[in-house]
Every structure is written in C-alpha cells, then in structure tokens.
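# Residue-level structure breakdown
What follows is the residue order along each chain.
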Amino acid sequence: MQIEKHHREIWAYIDLRNDYLFKSSLKVLGQAHALAQSAQKKAGAIIIGARDPSDPGQPRTEPIPIEMAAEQCRECGADTVYLAEYVAAEPVLPHVCGQILIHAIEQHPPMLLLFALTDLGRELAGRLSGAFDAGVIAKCLDIRIVDHKIVATCPSGEGKYLAEIEFVESGSALKLATVVTATLPEPRRTSSTSAPVQIDLKALQLEDRIKFVSHERDRALHQQLENAEIVVAGGAGLGDAQGFALARELAAMLGGELGATRPPVLQHWTEEERLIGQTGKSVQPNLLFSIGTSGATQYTSGISQAKTVIAINRDPHAPIFNYADVGIVADAKQFLTTLLAKLKQTLMRDVADTIRHSDTNDRQRGVGAKIKQLRQTKQWTLETLAQATGKSPEFIQQVEADAMTPSVAFLLSLARVFDLAPDAFLHQQQKEQLSDERTKAYLTRTQNYSYQTLTPEAKGEHLQAFMVEIEPKQAHKPVAYKHEGEEFILVEEGDLELTLGEKTHLLKPGESIHFNAETPHKLKSRSNTKTRCVVVLYTP
Ligand SMILES: Cc1cc2nc3c(=O)[nH]c(=O)nc-3n(C[C@H](O)[C@H](O)[C@H](O)COP(=O)(O)OP(=O)(O)OC[C@H]3O[C@@H](n4cnc5c(N)ncnc54)[C@H](O)[C@@H]3O)c2cc1C
C-alpha cells in the first residue's frame with residue numbers, strides 16, 4: 001500500500017518497565033528514525049508513564065523517569081516526543097496502555113508504529129490492530145522502504161526461511177510492526193530540541209476491569225546468559241514444553257544458564273531473551289550442553305566462543321556433531337531424565353554424607369545450599385517444597401540457611417518428592433540405623449498386640465503386612481504409635497477404634513482406612529470379643 005501523504009510520522013513505542021526494555025525501545029526508535037529518513041517523514045517516540053498519586057508533581061524515579069526517557073529519545077532520533085502521563089498507583093498495565101495509545105493515535109495519527117518484540121509489544125500491537133483494523137507485521141528482522149512501500153523481512157517456517165512481507169493495499173492507514181531488537185544497531189546520536197507534546201488524556205475514561213495485584217521480578221531473566229560459565233541450550237529435538245523443561249532443570253542443577261535455539265522461542269517454551277545465535281545472544285561458557293539442536297549456522301554462530309561443547313542428538317549425522325567436542329547419539333528426553341536422576345542422586349548422597357560426617361558443634365555448611373539447589377531445579381518455592389514434604393516453609397528456610405540439621409527422615413521425604421529411590425543415597429550405616437528403628441517399633445507393638453506376620457520374607461523391607469488381634473475392650477489398653485511412611489488397615493472381625501491425631505474413627509468389619517503413619521495413631525478394640533485386622537505398613 002502506498003504511504004499516505006497526510007500521515008507524516010513513524011513512531012516507536014518506548015517501554016519504561018526496566019532498563020533493558022528501555023534500551024531495546026531506543027533501538028526501535030533508531031529504526032523508526034532510519035525509516036523516516038528514507039521516506040522523508042518524521043520520527044516520533046510515544047512514552048506512557050504513570051505518576052504516583054501521592055506526589056503527582058514529581059517525576060517517578062522508578063523504573064525509568066519519564067523526563068529522562070524523553071531526553072534520551074530526543075538524542076536517539078525522535079523529531080517529536082509524545083508524552084501521555086496519567087496518575088495511578090500501579091505500574092502501566094497493558095489494557096490501560098492500549099487505551100491511551102488509541103487516544104494518542106486518534107489525536108496525532110502516525111503512519112507506522114513500531115514495537116520491540118516483547119510480551120507487551122505483542123499485546124499492544126494486537127490491541128491496536130483490533131481497534132483500528134490495522135495490519136501487523138510480526139517479528140521483523142529488518143524493515144525498510146522499497147518503492148514507497150514498507151517491506152519487512154521476517155522468519156518463517158519455524159525460522160528455516162526468511163519471508164518478505166508487505167501490508168495489503170486496501171488496509172488501514174495505520175500500520176503496526178513488532179521488531180526483533182537483538183540484531184538492531186545502537187541508535188545513532190542525533191539532537192532534536194523540540195519540546196515534548198503532551199497527549200491530552202482528560203476526556204479519556206480509563207476502564208478498570210483489570211486490577212493490579214502485585215508483581216515480582218523474574219530473577220532468572222536478569223542473570224547473564226552471555227557471561228555464564230555453564231550453558232544448557234535446548235532445541236526443537238526436545239519435542240515439547242515438558243521436554244524443554246528438562247533442559248531448564250539441568251541448567252538449574254548445574255548452576256548454569258538456560259539457552260535456546262529459535263524453535264523453542266517461537267513455540268513459547270522459553271523467553272526471547274534465551275535465544276542464542278545470529279539474531280540472539282552470543283555465549284562463551286566453559287561448558288555448553290547443546291541438546292536436540294541440529295547445528296544450523298545461525299545458531300552455531302552464537303556458540304563459537306564456547307570452550308567445550310557436548311551435543312546430544314538422536315541423528316548420528318546431525319551437523320552439530322561436527323561442531324561438538326563430545327557427541328552423544330541418544331534420545332534427548334531419555335538422556336536428560338537419566339542424567340538428572342544421577343545428578344540428583346549424587347547431590348542427595350553428598351548431603352547425606354555431609355550430615356553423617358559433621359558433629360553437632362560443626363553445623364554442616366553447604367547442605368542447605370544443596371537442598372535449595374534441588375528445590376530450584378523444580379522451580380519450586382519454599383511453600384511448594386514445604387507442602388510436598390509436610391513441613392512448614394519456615395522449617396525449609398532454616399534448613400536451607402544451614403540453621404538446623406535435617407533429620408534422615410526429612411532426607412527420605414526429600415528423596416520421595418524428588419523422585420529418587422531412598423536407598424540410592426543412604427550408606428549402609430544409615431540403612432542399618434533405619435532398619436533398627438523399624439525393628440524397635442515392631443517390638444513395641446508386640447508388647448501390646450498379638451500379631452502374625454503375613455510377609456515373613458519381607459522382614460526389614462519397605463512393605464510388610466500383619467494380622468493383628470486386639471483383646472476385647474475391657475482387657476486392652478490402647479497403643480500410641482507414630483512412624484515414617486503410610487499405613488493401611490482392613491478390619492476383619494470386631495469393631496476397631498482408631499484415633500488419628502485428634503480424630504477418632506470407628507471401623508466395622510470390611511471397612512478400611514489408609515493414612516500417613518506420621519500422624520500419631522492409636523488402635524483399640526471396641527468389641528466384647530477380639531478385634532482382628534490386617535495392617536499393611538509402608539516404611540520408606
Ligand atoms: C535470518 C535467520 C536468522 C536466524 N537466527 C537464528 C538464531 O539466532 N538462533 C537460532 O537458533 N536459529 C536461528 N535461525 C533459525 C535456524 O536457521 C534454525 O532453523 C534453528 O537454529 C534450528 O533450531 P534447532 O536446531 O533447535 O531445530 P532443528 O533444526 O529442527 O533441529 C532439531 C534437531 O533435533 C534432533 N532431534 C529430533 N528429535 C530428537 C530427539 N528425540 N532426541 C534427540 N534429538 C532429536 C533432530 O535430529 C535435529 O537435528 C535463523 C534463521 C534465519 C533464516
């Protein structure tokens with residue numbers, strides 16, 4: 001479509017949410033400036049900022065002050081800076097931002113509005129596209145004016161091809177595009193002295209159907225992939241988001257950073273910031289795992305500084321093997337599942353060993369950090385691990401801070417939640433200690449119950465079954481009992497009173513119950529005759 005003469009400007013949306021996004025927006029502004037020059041138009045920067053209601057006269061200092069942003073936009077090619085400021089306690093939200101942009105465009109219509117390819121940029125382009133029935137060219141690697149037309153180069157076919165895209169002839173006067181910023185040059189310094197233009201928002205009734213609750217910084221995103229010592233890069237061969245999560249787990253396990261080829265980014269298995277290669281980041285780790293990646297040159301150009309490359313691919317002829325120091329022909333998911341299990345086992349054994357060798361005066365330093373590392377491989381919060389192990393978040397926090405010694409029982413529950421066979425990390429001495437505890441517990445039972453082992457061959461094993469007989473109520477005193485694991489009771493004869501913690505249950509013949517054996521429990525016969533029940537114990 002021909003560029004309309006009455007729409008004189010090419011705008012860049014300036015994102016003030018953090019320094020990285022602001023710098024990316026300035027690169028987009030540089031692109032808008034270059035385009036404007038070749039089309040003999042003007043470049044504009046549109047900035048939306050919320051002023052704090054407690055002190056609306058003062059500029060917000062966090063994250064990027066509006067005045068400072070406006071100044072830098074003028075230095076980076078904006079002929080005009082448009083400021084849309086409103087008073088709100090919360091940060092600028094996408095739906096509010098969309099309404100303000102619509103209002104600004106109606107007042108000063110640009111011919112083209114560029115956004116950095118970010119979550120917000122995508123959403124705003126979509127909202128404006130709906131509002132103005134305007135076309136969006138997404139993920140532009142390059143955008144230029146050819147024969148008075150806007151032409152963009154964009155990846156296509158999962159990044160295997162480059163497509164040239166134009167807007168349709170009959171489309172709206174407004175054009176929209178999201179731009180990949182990784183390959184854009186830093187904006188050239190120019191100077192414009194024009195005063196910012198304030199967008200008049202008085203007539204705008206902001207819709208408030210969405211309420212801001214809280215926000216948390218994603219620390220992982222702000223770590224430095226480019227400077228990481230260990231990088232785990234996942235590719236299309238990981239198959240799906242669950243497969244890709246295994247690469248994320250390995251990166252956390254090794255204390256490294258996660259990277260990706262283009263397909264996982266396009267599939268939204270990970271963020272754009274994790275992309276390695278020609279249009280992404282260049283990494284220089286000592287150790288790079290490249291898992292399920294074919295070895296396309298656009299990707300390998302970003303790993304050329306890696307010292308040791310370990311590649312995993314099921315195709316022995318994959319080009320990545322020409323590049324790797326160590327090549328492993330294997331299914332990526334199977335390989336990662338096995339490697340992760342081994343690494344977790346080693347880490348857990350390490351934890352168990354440290355606890356075993358330390359005396360009470362010398363708190364085992366580093367154990368907490370390892371437990372934290374295990375938790376982080378799952379991307380679990382303190383609360384999630386607390387819930388999974390039946391402890392409080394404060395308890396987990398103290399363990400991770402090495403402020404208390406975790407018990408063997410706690411390690412066993414950790415093993416359970418991390419899918420590890422408990423035996424795998426216990427030493428013989430610890431196993432014997434546990435076996436002793438089990439034997440002692442059974443002995444206590446025999447003093448009060450008459451029982452018959454239904455599984456004599458399983459003595460000392462995890463699963464055991466007993467036929468328990470309890471004397472009629474007058475003759476029998478209840479037995480208090482509590483142990484690691486789970487318990488199942490099926491009443492054969494008589495009435496059984498089971499007290500579980502604070503709660504009492506009455507079980508009739510044929511009725512059964514299954515419970516966490518760590519809850520203190522008491523068994524008592526309520527019949528005038530003997531009560532007989534099958535008791536199955538699972539001890540880890
Ligand atoms: C201009 C341009 C710029 C680009 N910039 C970048 C860039 O910056 N970064 C980037 O990464 N790409 C970029 N690309 C895309 C690039 O060309 C490749 O398409 C991309 O790198 C391929 O990613 P991949 O290796 O993950 O996927 P694929 O090429 O699809 O390879 C997947 C690999 O996984 C293997 N596999 C499949 N299943 C399994 C399994 N179960 N177990 C083990 N292995 C398995 C396959 O054998 C295959 O080798 C760009 C392309 C263009 C045109």
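All values derive from a computational prediction rather than experimental measurement.

Analysis parameters
Residues numbered from 1 in each chain as written. Predicted model: local features only at pLDDT ≥ 70, side-chain atom pairs only at ≥ 80, totals over all residues. Helix = DSSP H or I, 4+ residues; strand = E, 2+ residues; numbered from the N terminus. Buried ≥ 20, exposed ≤ 12 C-beta atoms within 10 Å, placed from the backbone. Core = buried A, V, L, I, M, F, W, Y, C linked by C-beta atoms within 7 Å. Pairing = 2+ DSSP bridges. Axes fitted to C-alpha atoms, helices over the stretch in contact; angles between N-to-C directions. Near = placed C-beta within 6 Å. Nonpolar A, V, L, I, M, F, W, Y, C, P; charged D, E, K, R; others polar. Contact = placed C-beta atoms within 7 Å. pLDDT = per-residue confidence, 0-100. Expected span 1.5 Å × (residues − 1).

What follows is about the overall build of the protein. Of the regular secondary structure elements, the protein holds 15 helices and 24 strands. Across the 540 residues that make up the protein, the buried fraction comes to 35%.

Membership of the largest hydrophobic core comes to 61 residues, with the highest contact counts inside it found for L29, A45, I47 and V179. With 9 residues, the single largest contributor to this core is helix α1 (residues 19-38). In this structure, A228, V231, I276 and Y299 belong to the second largest nonpolar core, which totals 36 residues.

A word on the sheet that holds strand β8 (residues 161-166). Strand order in the open sheet formed by 3 strands is β6-β7-β8, and the pairing between neighbours is antiparallel. Each edge of the open sheet carries a strand with a single partner, namely β6 (142-146) and β8. Strand after strand, the sheet turns through a mean of 30 degrees between neighbouring axes, direction not considered. In terms of strand pairing, strand β7 (residues 149-156) meets β8 through 6 bridges, oriented antiparallel. Within the sheet, the bridge partner assigned to C154 lies in β8 and is A163.

With respect to spatial proximity, 29 residues lie near the ligand, and among them G235, G237, T261, G277 and S294 are the closest. Secondary structure elements with two or more residues in the shell around the ligand: α7 (262-266) and α8 (297-300). Class assignment for the residues of the shell around the ligand results in 10 nonpolar, 14 polar and 5 charged.

Here we take up the pairing of strand β24 (residues 531-538). The sheet contact formed by strand β17 (residues 463-470) and β24 spans 8 bridges and is antiparallel. Counterpart to A465 in the pairing with β24 is V536. By the bridge criterion, 7 bridges tie strand β19 (residues 486-493) to β24 in an arrangement that is antiparallel. In the strand pairing of β24, E486 is matched with Y538.

This paragraph deals with the environment of K372. With respect to the secondary-structure elements, K372 resides in helix α11 (residues 367-377). In this structure, the C-alpha to C-alpha distance between K372 and L382, residues 10 residues apart in sequence, is 8.9 Å.

One open sheet holds the 7 strands; their spatial order is β5-β9-β4-β1-β2-β3-β10, and the pairing between them is parallel. A single partner strand is all that each edge strand has here, and the edge strands are β5 (136-140) and β10 (197-198). Pairing of strand β1 (residues 9-14) with strand β2 (residues 42-51) involves 6 bridges; the strand directions are parallel. Counted as the bridge partner of I10 is A43 from β2. Where α1 meets the sheet, its contacts fall on β1, β2, β4 (112-116) and β9 (175-179), and the angle it forms with β1 comes to roughly 175 degrees.

Turning our eyes to something else, we now look at the confidence of the model for the protein. Interpreting fine coordinate detail is not advised for predicted regions of low pLDDT. Residues with a pLDDT of 70 or more make up 83% of the protein, whose mean pLDDT is 83. Across the protein, the element-wise mean pLDDT spans from 52 in helix α5 (residues 219-222) up to 97 in strand β13 (residues 287-291).

With that out of the way, let us pick up the environment of Q284. For Q284, the location among the structural elements is in the loop between α7 and β13. Counting along the chain gives 21 residues from Q284 to Q305, while the straight-line C-alpha distance between them is 4.7 Å. Apart from residues no more than four positions distant in its own chain, Q284 is found in contact with Q305 and A306.

Here we come to the environment of I105. Looking at the element boundaries, I105 is found in helix α3 (residues 94-107). Contact partners of I105, with chain neighbours within four places excluded, come to P110 and L174.

What follows covers α1. Residues spaced three or four apart along an α-helix face the same direction, because each turn holds 3.6 residues. In this model α1 runs 29 Å from its N-terminal to its C-terminal C-alpha over 20 residues, within 8% of the 28 Å that 1.5 Å per residue would give. With 15 of 20 residues buried, α1 lies mostly within the body of the structure. Phi turns positive, to about 50 degrees, at Q40, one or two residues after α1.

Right, let's talk about unusual backbone geometry for a bit. Phi is mostly negative for residues that are not glycine, and the peptide bonds are mostly trans. Not every positive phi belongs to a glycine, and H148 is a case in point at roughly 65 degrees. Position of H148 among the secondary structure elements: in the loop between β6 and β7. Even without a glycine there, the phi angle at D402 is positive, about 60 degrees. Topologically, D402 is positioned in the loop between α13 (393-400) and α14 (408-417).

As a further point, take the pairing of strand β20 (residues 496-500). Pairing between β20 and strand β21 (residues 503-507): 5 bridges, direction antiparallel. Bridge pairing links L496 to L507 in β21. Between β20 and β21, which follow one another and run antiparallel, lie 2 residues, and G501 among them has a positive phi close to 60 degrees. Both β20 and strand β23 (residues 521-525) contribute to a ladder of 5 bridges, which runs antiparallel. Looking across to β23, one finds that E497 is bridged to K524.

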